[in-house]
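Coordinate inspection notes
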Amino acid sequence: MSEVKPEEISHPAMEQLQGFEYCIDSNPPWGEAIILGFQHYILALGTAVMIPTVLVPMMGGSDGDRVRVVQTLLFVTGINTLLQSLFGTRLPTVIGGSYAFVIPIMAIVQDSSLAAITDNHERFLQSMRAIQGALIVSSSIQIILGYSQLWGIFSRFFSPVGMAPVVALLGFGLFERGFPVVGRCVEVGLPMLILFVVLSQCLFFCSYQYLKNVQIRNIPVLERFSLFICIALVWAYAQILTSGGAYKHSNAITQINCRTDRANLISSAPWIKIPYPLQWGAPTFSAGQSFGMVSAVLVSLIESTASYNAAARLASATPPPAHILSRGIGWQGIGILLSGLFGTGIGSTVSVENVGLLGSTRIGSRRVIQISAGFMIFFSMLGKFGALFASIPFTIFAAVYCVLFGLVAAVGLSFLQFTNMNSMRNLFIVGVSIFLGLSVPEYFFRYSMAAQRGPAHTKAGWFNDYINTIFSSPPTVGLMVAVFLDNTLEVKDAARDRGMPAWVPFRSFKGDSRNAEFYSLPFNLNRFFPPS
């Protein structure tokens, strides 16, 4: 056996991922870009439908109210996505609803003054107005941290060894939304999971070159459009099961997760309805509720920062400079403000699943995301057509999440290539932060499920919201642990081990010539808003 050379054992660190045909500022042909954009729109429906499905009935809302909230959330998601891709970080990210806001919103819904209202519709309106007020006030935190550049200054404490666990936890921490949901309807979810893995990676048959060259105008159809193909096939399969009476005698939970006709979205949706600001009435403001909502805004800020780093890598862009991160957070604060004004019932953050889809399709184009935002705005106004796509069983989305969340987690781990993983210091930081980032939120989740309240249960409701929200977020716990340890443990002479030489050139906007190519504002606006 010939002697193995050192270069054959290790792989050199690479700033950009291989195998991407279109990066952030290159665009596929219009036909291909439209289909890819529609895929991102379909994927965003999972969160846009699931959050109102959980919250609106708790607020006393009807099916009609739920449909309007879904429409409003999609409409604002489209607007926020356009604003972020044009004037924010300019990364190909979808800005959708955030589960981080669920805990403080449930605290508002369960407030004694609102729970005492006997009329369900009136209780829904008053609850929505209280949520709007809290979102409007708390949005100022991200706006201030973003446009004052404070978050950019803080981001200078981030290094590859500190951010790798945070981005990894962005994917790993969402495991409850993966196979546990697939298991609620295995006969639909499992075929979707298997089919999506097989088609997106072109397994088995492609190794024999049978279908690997299935192309239309040199476009690899199975690789690029696997999500669209899989959802169409499995949705049709689920419709056949539903029409054939497979769930006729099943329990209520199985029918909700498996049937395609239990969402009641199509029958409740109007043909045309354009969401508008203050459509639920004037917001109401409460200091305690607003303080509690700030905790979710901080969690959203941290999760979005991790998502921006993952999206930059999957879009073959340079790591976002400090100024760009701050600019993106500022615009995200405006997005939460719009959520409060329009009444989406939830705050916003970067959609992790759509970041994962960039890697699955190997297309990191900004234009594709902007087209998907157009679909969101268009179908949110055409109620019946939007409700048709929104009636896809959530089990199908959960099967896709199993792949996409795992992909985002792997992107986080890929940052470790810039660090010295033979260092016990780095091993300690990465291991402890990932373990605590999974273990602490799991404790809060199990405690909440058993006691029907969070571990923090004092007379100060806003304090309870802070503790229960922050420590229920894996990326937030991971960032607190990783960044603290990374900046306190043997910091002197550890810059190279931490991976700092790989990131320092991108800290400032002018540190690398490619920053201007990827992140400059459109319409030559950099003349009026120069990078600081």
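Residues numbered from 1 in each chain as written. Predicted model: local features only at pLDDT ≥ 70, side-chain atom pairs only at ≥ 80, totals over all residues. Heavy atoms only, no water.

Some details on the side chain of Gln255
Turning to its location among the elements, Gln255 is positioned in helix 13 (residues 252-258). Under the relative-accessibility criterion, Gln255 is labelled buried at 7%. A polar contact is formed between the side chain of Gln255 and the backbone oxygen of Ser250, at a distance of 2.9 Å. (Helix = DSSP H or I, 4+ residues; strand = E, 2+ residues; numbered from the N terminus. Buried < 20%, exposed > 50% of the residue type's maximum accessible area, 1.4 Å probe, protein only. Polar contact = N/O pair within 3.5 Å; in protein donor to acceptor, adjacent residues only side chain to side chain.)

Focus: the state of the cysteines
Across all of its chains, the model carries one disulfide by this definition. For Cys185, the disulfide goes to Cys258, at an S-S distance of 2.0 Å. Note on the Cys185 and Cys258 pair: the S-S dihedral is about 130°, so by sign convention the disulfide is right-handed. Here Cys185, found in the loop between helix 9 (179-182) and helix 10 (186-201), pairs with Cys258, found in helix 13; they are 73 residues apart in sequence, far enough to count as distant. No difference in accessibility class separates Cys185 from Cys258, as the two residues are buried. With no disulfide of its own, Cys402 lies 13 Å from the sulfur of Cys230, the closest cysteine sulfur. (Disulfide = S-S within 2.5 Å.)

A short note on the packing of aromatic side chains
In total, this model carries 26 aromatic pairs according to the counting rule given. Between Phe38 and Phe375 the ring centres are 5.2 Å apart and the planes differ by 75°, which places this aromatic pair in the edge-to-face class. Separated by 337 residues along the polypeptide, Phe38 in helix 2 (residues 30-59) and Phe375 in helix 18 (residues 366-381) bring together distant segments of the chain. You can call Phe38 buried: its relative accessible area is 13%. Among the residues examined, Phe375 registers a relative accessible area of 18% and is labelled buried. Seen from their ring centres, Trp462 and Phe463 are 6.2 Å apart, and the 85° between their planes marks the pair as edge-to-face. Overall, the relative accessible area of 42% leaves Trp462 in the partly exposed class. Taking the ring centre of Tyr401 as reference, the NZ or CZ of Arg177 above it sits at 5.3 Å. Lying across the ring of Trp30, Arg367 places its NZ or CZ 4.2 Å from the centre. (Phe/Tyr/Trp six-rings, centres within 6.5 Å; stacked < 30°, edge-to-face > 60°. Lys NZ or Arg CZ within 6 Å of the ring centre and 35° of its normal.)

Side note on unusual backbone geometry
Positive phi outside glycine occurs at Arg362, with the angle close to 60°. The residue Arg362 is located in the loop between helix 17 (352-361) and helix 18 in this model. Here Glu490, not a glycine, exhibits a phi torsion of approximately 45°, which is positive. The residue Glu490 is located in the loop between helix 23 (474-486) and helix 24 (495-498) in this model. The class for Glu490 is exposed, based on a relative accessible area of 61%.

Some words on the pattern of salt bridges
Counted according to the given criterion, the structure contains seven salt bridges. Among the salt bridges present, the one from Arg446 reaches Glu442, with a minimum N-O distance of 2.9 Å. In this pair, Arg446 and Glu442 are both assigned in helix 21 (residues 424-451), four residues apart and thus about one turn of the helix distant. Accessibility expressed as a relative area gives 57% for Arg446, which makes it exposed. In this structure, Arg498 and Asp486 form a salt bridge, with 3.0 Å as the shortest nitrogen-oxygen distance. Note that Arg498 is positioned in helix 24 and Asp486 in helix 23, a separation of twelve residues in sequence. We classify Arg498 as buried; its relative accessible area is 7%. Under the relative-accessibility criterion, Asp486 is labelled buried at 0%. If you follow the salt bridges from partner to partner, you end up with Glu21, Glu32 and Arg224 in one network. (Salt bridge = Lys/Arg side-chain N within 4 Å of Asp/Glu carboxyl O.)

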